[in-house]
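# Coordinates in review
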Amino acid sequence: MAEQGAPLERQFGDVRVPMLVAMAGLPGSGKSTIAEIVAGRLGATVISVDPIEASILRAGIDSDQPTGLAAYLVAETMAEQVLLSGHSVVVDAVNAVEPARLQWRDLAERCDVKLRVVETVCSDETLHQERLAKRTGDVAAYSSGAVAVEQSTDEYDEWKGACGSLPRVTLDTAAPLGENVDTALRFLEG
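Residues numbered from 1 in each chain as written. Predicted model: local features only at pLDDT ≥ 70, side-chain atom pairs only at ≥ 80, totals over all residues. Heavy atoms only, no water.

## A look at the overall build of the protein chain
Secondary structure summary: the protein chain contains ten helices and five strands in total. The 190 residues of the protein chain split such that 44% are buried. When the accessible surface of the protein chain is summed, it comes to about 9,500 Å², and 53% of that surface belongs to carbon and sulfur atoms. (Helix = DSSP H or I, 4+ residues; strand = E, 2+ residues; numbered from the N terminus. Buried < 20%, exposed > 50% of the residue type's maximum accessible area, 1.4 Å probe, protein only. Areas by Shrake-Rupley, 256 points an atom, 1.4 Å probe, with all protein chains shown as cover.)

## Details of the pairing of strand β1 (residues 19-24)
Burial of β1 is extensive: six of the six residues sit out of reach of the surface. Where burial is concerned, the two faces of β1 agree: the one with Met 19, Val 21 and Met 23 and the one with Leu 20, Ala 22 and Ala 24 are both buried. As paired strands, β1 and strand β4 (residues 114-121) are joined by six bridges and run parallel to one another. If you follow Met 19 over to β4, its bridge partner there is Lys 114. Note that β1 and strand β3 (residues 89-92) share three bridges and pair parallel. Across the sheet, residue Val 21 finds its bridge partner in β3, namely Val 90. (Pairing = 2+ DSSP bridges.)

## Quick notes on the sheet that holds strand β2 (residues 45-48)
By way of backbone hydrogen bonds, the strands of a sheet pair with one another, either parallel or antiparallel. The strand order β2-β3-β1-β4-β5 describes an open sheet built from five strands, whose pairing is parallel. Edge strands, defined here as strands with exactly one partner in the open sheet, are β2 and β5 (168-172). Here the strands of the sheet are splayed against their neighbours by 20 degrees on average, with no regard to which way each runs. Bridge count between β2 and β3: four bridges; the pairing is parallel. Its bridge partner being in β3, Val 46 is matched across the sheet by Val 90. In the packing of helix α5 (residues 98-111) onto the sheet, the strands contacted are β1, β3 and β4, and the crossing angle to β1 comes to about 175 degrees. (Axes fitted to C-alpha atoms, helices over the stretch in contact; angles between N-to-C directions. Contact = heavy atoms within 4.5 Å.)

## Focus: helix α10 (residues 177-189)
Side chains three or four residues apart in an α-helix point the same way, a direct result of the helix having 3.6 residues per turn. Compared with an ideal rise of 1.5 Å per residue, which puts 13 residues at 18 Å, α10 spans 18 Å between its outermost C-alpha atoms and is within 8% of the ideal. Listed as buried for α10 are Asn 180, Val 181, Ala 184, Leu 185, Phe 187 and Leu 188. Looking down the long axis of α10, one finds its buried residues gathered within 160 degrees of arc, a one-sided arrangement. (Expected span 1.5 Å × (residues − 1). Arc of directions from axis to C-beta.)

## Remarks on the packing of aromatic side chains
Tallied over the full model, the rule gives one aromatic pair. Arranged with centres 6.4 Å apart and planes meeting at 35 degrees, the rings of Tyr 72 and Trp 104 form a pair that is tilted. In this pair, Tyr 72 sits in helix α4 (residues 67-84) while Trp 104 sits in helix α5, placing the two residues 32 residues apart along the sequence. In this structure Trp 104 comes out as buried when scored by relative accessible area, which is 1%. Seen from the ring of Tyr 156, Arg 101 lies directly overhead, with NZ or CZ sitting 5.0 Å from the centre. The ring of Trp 159 carries the charged tip of Arg 101 above its face, separated from the ring centre by 3.8 Å. (Phe/Tyr/Trp six-rings, centres within 6.5 Å; stacked < 30°, edge-to-face > 60°. Lys NZ or Arg CZ within 6 Å of the ring centre and 35° of its normal.)

## Concerning the nonpolar core
The biggest cluster of nonpolar side chains holds 30 residues, and the ones touching the most others in it are Leu 20, Val 89 and Trp 104. Of all the elements in the fold, those that place two or more residues in this core are β1, α3 (49-58), α4, β3, α5 and β4. Look past the residues within four positions of Leu 20 in its chain and what remains in contact with it is Leu 83, Val 89, Val 91, Trp 104, Leu 107, Ala 108, Val 113, Lys 114, Leu 115 and Arg 116. Among the nonpolar cores identified, the runner-up in size contains 18 residues, and Ala 44, Val 118, Val 181 and Phe 187 belong to it. (Core = buried A, V, L, I, M, F, W, Y, C linked by side-chain atoms within 4.5 Å.)

## Some details on unusual backbone geometry
One non-glycine residue with positive phi stands out, namely Asn 95, at about 50 degrees. For Asp 112, which is not glycine, the phi torsion reads 55 degrees and is therefore positive. Looking at the secondary structure, you find Asp 112 in the loop between α5 and β4.

As C-alpha cells, then:
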C-alpha cells in the first residue's frame, strides 16, 4: 500500500503516473470539499468548473449563452495541460450528463492516463439544504438554492451506457468526511 498522504505520482517510484479524477454530483453534495482534500493527499491539481463559469459571467457574457459548456471546455483544456506535464488532476464539476462524463473519458484516452470517477450524493436533505445556504461568492450567485438543485436534479442522468462502465465510487456525504475521504483514496489507489 502507498505511503499515507504521498502524492500519487511518488507511489509508483520515480516514474510519474498521472491520473484524471472526475468528481460528479449535485451542487451542495460535498464534491468540492472532497475534491480539495483528495487532491491535496494525492498531490494533484484541482480544476473547478464553477469559478471558471463565474469568471465567464463576470466578463459580461450573457447567462443565456452556453456558459456551462464553455466552462467545461476551458476546464478540459486546463486539465489536459496539467496531465501532459505529468501531474494528476481532480476535476470538480457536476458532470450531470453523459456528454460531460464522456469528455473526461476521451481526455483520459488522449493523455493515456487512468480515469476514475468519484460521485457524491447527500442522503440527508436537511444537511444538503444547509450546505446550499452556506455557499458564498460568485459561485453561489448562479448555482445555489432550490432552483439550481432542482434544475440539476432534473438534468442528472443515470450512469448507463458508455458512462456506466467508467470506474466509479459513490460517496454519501451525510457520512463523516474522513470516512468518505478514506473511501475515495482507497478507490483511487486500487
